[in-house]
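# Residue-level structure breakdown
Each chain, written out:
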Amino acid sequence: MSALRLGVLVSGSGSNLQAILDKCASGELPAAVTVVVSDKADAFALERAARARVSAVHINRKDFESAASFNEEIARILIEHGVELVIMAGYMRLLGKEVLDAFPNRVFNLHPALLPSFPGAHGIVDALDFGVKVTGVTVHFASDVFDDGPIILQEAVPVNDDDNEESLAARIHAAEHCVLPQAIKLFAEGRLAIEGRRVRVLPEKDKSVIP
Ligand code: GAR
């Protein structure tokens, strides 16, 4: 199986990017990150990409007249790098239809809560403040609605009585670092079948490729 070419969109620390890079390097993931795109110049994720000798691109929304032209440029960069699957790993903007149309059913988003609960930019603290006993992580196909789209994998993370934002975030991130690569592996193996809002995980022997 040839390595699936990944383009990773980031805005911050890039710990999930690192988990992907590590699992690609160890051979656990039949994939390779070919480009990392950040909308923030100071994102540590860019440094992680550079250390792994992966193309790292900063693209500033302010340099573009419209959201459409900004997203067209992101799509162009991803296509230029031969990307087959796009991963939003802590990318904190709504992805434009220019990218979604260029990669139909080929964009994953990662969210630090059990969607549809606690969408948005503060999923961890919103769940903690609400007082839920269980939260978790979600990987889903991205759509033109924020934190929406068919769910691929979810993992529950219990909230402990003595949790604060930091302790809960540490366990959420640890779960993300396993669940996101797991979802990428299923895609690489052609085992994800989208049926309306539902995503069926095909058994290993019954592989098929998403159209
Ligand atoms: C992750 O927890 C991810 O789920 C979250 O940003 C963090 C990025 O961490 N994304 C969202 O909240 C999107 N709604 P990282 O930069 O260390 O990978």
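The following refers to the structure shown. Positions within a chain are numbered from 1, following the residues in the order the chain's sequence is written. With pLDDT at 70 or above as the cut-off, local features in this predicted model cover only qualifying residues; side-chain atom pairs require 80 or more to be listed or tallied, and sums for whole chains, interfaces and linings still use all residues. Here the side-chain values reflect all heavy atoms present in the structure, with hydrogen atoms and water set aside.

## With respect to the site of the ligand
We call a residue near a molecule or strand when any one of its heavy atoms sits within 4 Å of it. The environment of the ligand is made up of 14 residues, and the closest members are Gly 14, Ser 15, Asn 16, His 111 and Glu 176. Side-chain polar atom of Asn 16 to an oxygen atom of the ligand: 2.8 Å apart, as the coordinates give it. Nitrogen and oxygen atoms within 3.5 Å of one another constitute a polar contact, given that in protein one can donate a hydrogen and the other can accept it, and given that sequence-neighbouring residues count only through two side-chain atoms. Here His 111 contributes a side-chain N or O atom positioned 3.0 Å from a nitrogen atom of the ligand. The fraction of the free accessible surface of the ligand (450 Å²) that becomes covered by protein chains is 91%. Among the detected pockets, the ligand sits in the largest pocket. The secondary structure listing takes helices from DSSP runs of H or I that are at least 4 residues long and strands from runs of E that are at least 2 residues long, numbered from the N terminus. Mapped onto the shell around the ligand, the elements with two or more residues apiece are helix H1 (15-26), strand S5 (107-111) and helix H6 (165-188). We call Asp, Glu, Lys and Arg charged. Ala, Val, Leu, Ile, Met, Phe, Trp, Tyr, Cys and Pro are nonpolar, and the rest, Gly among them, are polar. Of the residues that constitute the shell around the ligand, the class distribution is three nonpolar, nine polar and two charged. Here the accessible surface of atoms and residues is derived via Shrake-Rupley with a 1.4 Å probe, and residues count as covered only by protein chains that are part of the display. Here a cavity is any set of points on a 1 Å grid over the protein atoms alone where a 1.4 Å probe fits but cannot get out, and a pocket is any open set with protein on both sides within 12 Å along at least 5 of 7 lines; a residue lines the site when it has an atom within 4 Å of a point. Whether a molecule lies in a cavity or pocket depends on its atoms, and more than half of them have to be within 2 Å of the grid points.

## Things to note about the packing of aromatic side chains
Stacked, edge-to-face and tilted labels apply to pairs of Phe, Tyr and Trp rings (six-membered ring for Trp) whose centres lie within 6.5 Å, assigned for plane angles under 30 degrees, over 60, and everything in between, in that order. Applying the stated criterion across every chain yields a total of four aromatic pairs. A centroid spacing of 5.7 Å and a plane angle of 70° characterise the contact between Phe 64 and Phe 70, whose relative ring orientation is edge-to-face. Centre to centre, the rings of Phe 108 and Phe 187 are 5.8 Å apart; their planes meet at 85°, and the pair counts as edge-to-face. A residue pair is termed long-range when its members are at least 10 positions apart, and Phe 108 in strand S5 and Phe 187 in helix H6 qualify at 79 residues. For each residue, the accessible area found with a 1.4 Å probe, counting protein chains only, is set against the maximum for its type, and the residue is called buried under 20%, exposed over 50%, and partly exposed in between. Relative accessible area serves as the criterion here: at 10%, Phe 187 is assigned to the buried category.

## Things to note about the side chain of Arg 48
Locating Arg 48 in the fold gives a position in helix H2 (residues 44-51). Charge counting treats Lys and Arg as positive and Asp and Glu as negative, with His and both chain ends excluded. Any Lys or Arg side-chain nitrogen located within 4 Å of an Asp or Glu carboxyl oxygen qualifies as a salt bridge. Although Arg 48 is buried, it forms no salt bridge, and the closest oppositely charged side chain is Asp 22 at an N-O distance of 7.1 Å. Contact criterion: two residues are considered in contact whenever any of their non-hydrogen atoms come within 4.5 Å of each other. Apart from the residues lying within four places of it in its own chain, the contact partners of Arg 48 are Ser 13, Gly 14, Ser 15, Leu 17, Gln 18 and Leu 21.

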